[in-house]
Amino acid sequence: MPGISLKNGLISYYGNPAGYTEKEKAVVDRIFQNDELSEWLKSRSLTPQWTDGVMERLLAGERLGGIETAAPLKNVRIWQLKPDVDIHMKFIPYEEMVRKFGEPSPEVYRIAYDGQLDTNDLEAIYARCNVNHPPGYNGHSLSMSDVVELYDAQGSEFHYCDRFGFQKISFESPEQTQTMGMSM
């Protein structure tokens, strides 16, 4: 049995689903990052993109790669309330936050994580940032009152972590809102 193989766009590393190909790129789980696999990919003119969680997604039966309709992965920022904010702002549902303190504003938040995860799915991001923090994560487990930002070159989407699920929010600073209001 060969150590590394490529069949139907799927890369196998010693019997383990390690990644998949997309045109001249190979999306490969970071746990397999080593010289042997890097050289093998290079010999096939494939540029590696080392990404967390690829093997798990392949094992779960997700169809990856080669799907033109698949949305590209966005970067993820996790915003958490600063330690010095009013304690009553923390860990509350969106509706209560707005009623007592107004719309969430970046001025009272700090960035606990900024990077790329293996998904754009908010529930999967919640699970990942709640149980198994990615490298570079510097905060408490993802909880109510935190904000998840999905962003790319086209812009950002902000989602407040609510009691159940997420609430899409604008997450603008007061200056941005006032400037927008004056221009009308």
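That block above? That's the structure.
Residues numbered from 1 in each chain as written. Predicted model: local features only at pLDDT ≥ 70, side-chain atom pairs only at ≥ 80, totals over all residues. Heavy atoms only, no water.

### A look at the pairing of strand E5 (residues 47–51)
- As paired elements, strand E4 (residues 25–29) and E5 share 5 bridges and run parallel to each other. Note on E5: the bridge partner recorded for Val-28 is Trp-50. (Pairing = 2+ DSSP bridges. Helix = DSSP H or I, 4+ residues; strand = E, 2+ residues; numbered from the N terminus.)

### Regarding the sheet that holds strand E9 (residues 155–161)
- In space, the 5 strands of this open sheet follow the order E7-E6-E8-E9-E10, with antiparallel pairing throughout. Strands at the two margins of the open sheet, each flanked by one partner only, are strand E7 (109–116) and strand E10 (166–169). Adjacent strand axes in the sheet meet at a mean angle of 25° when their direction is disregarded.
- Summarising the sheet, strand E6 (residues 75–81) and E7 pair through 7 bridges and their orientation is antiparallel. Note on E7: the bridge partner recorded for Trp-79 is Ile-111.
- Lying over the sheet, helix H4 (residues 122–131) contacts E6, strand E8 (147–152), E9 and E10, oriented at roughly 120° with respect to E8. (Axes fitted to C-alpha atoms, helices over the stretch in contact; angles between N-to-C directions. Contact = heavy atoms within 4.5 Å.)

### Some remarks on the nonpolar core
- Judged by nonpolar contacts, the single largest core of 14 residues is most densely connected at Val-76, Ile-78, Ile-125, Cys-129 and Val-148.
- Within the residue set of this core, elements represented by two or more residues are E6, E7, H4 and E8.
- A total of 3 residues in this core trace back to one element, the largest contributor, which is H4.
- Other than its neighbours up to four places away in sequence, Val-76 contacts Tyr-113, Asp-114, Gly-115, Leu-117, Ile-125, Val-148, Glu-149, Leu-150 and Tyr-151. (Core = buried A, V, L, I, M, F, W, Y, C linked by side-chain atoms within 4.5 Å. Buried < 20%, exposed > 50% of the residue type's maximum accessible area, 1.4 Å probe, protein only.)

### Re the sheet that holds strand E2 (residues 10–13)
- One open sheet accounts for 5 strands, arranged E1-E2-E3-E4-E5; its pairing is mixed. Every interior strand has two partners, whereas the edge strands, strand E1 (4–7) and E5, have only one. Averaged over all neighbouring strand pairs, the angle between strand axes comes to 25°, with direction disregarded.

### Some words on unusual backbone geometry
- Although it is not a glycine, Asn-8 sits at a positive phi angle of roughly 55°.
- Relative to the assigned elements, Asn-8 resides in the loop between E1 and E2.
- We note that Ser-145 has phi near 90°; this positive angle belongs to a residue other than glycine.
- Relative to the helices and strands, Ser-145 is located in the loop between H4 and E8.
- Assessed through its relative accessible area of 2%, Ser-145 is described here as buried.

### Considerations on H4
- Along H4, the positions that sit buried rather than exposed are Leu-122, Ile-125, Arg-128 and Cys-129. Projected down its long axis, H4 shows its buried positions confined to an angular sector of 125°, all on one face.
- Residues of H4 that are buried sit in contact with E6, E8, E9 and E10. (Arc of directions from axis to C-beta.)

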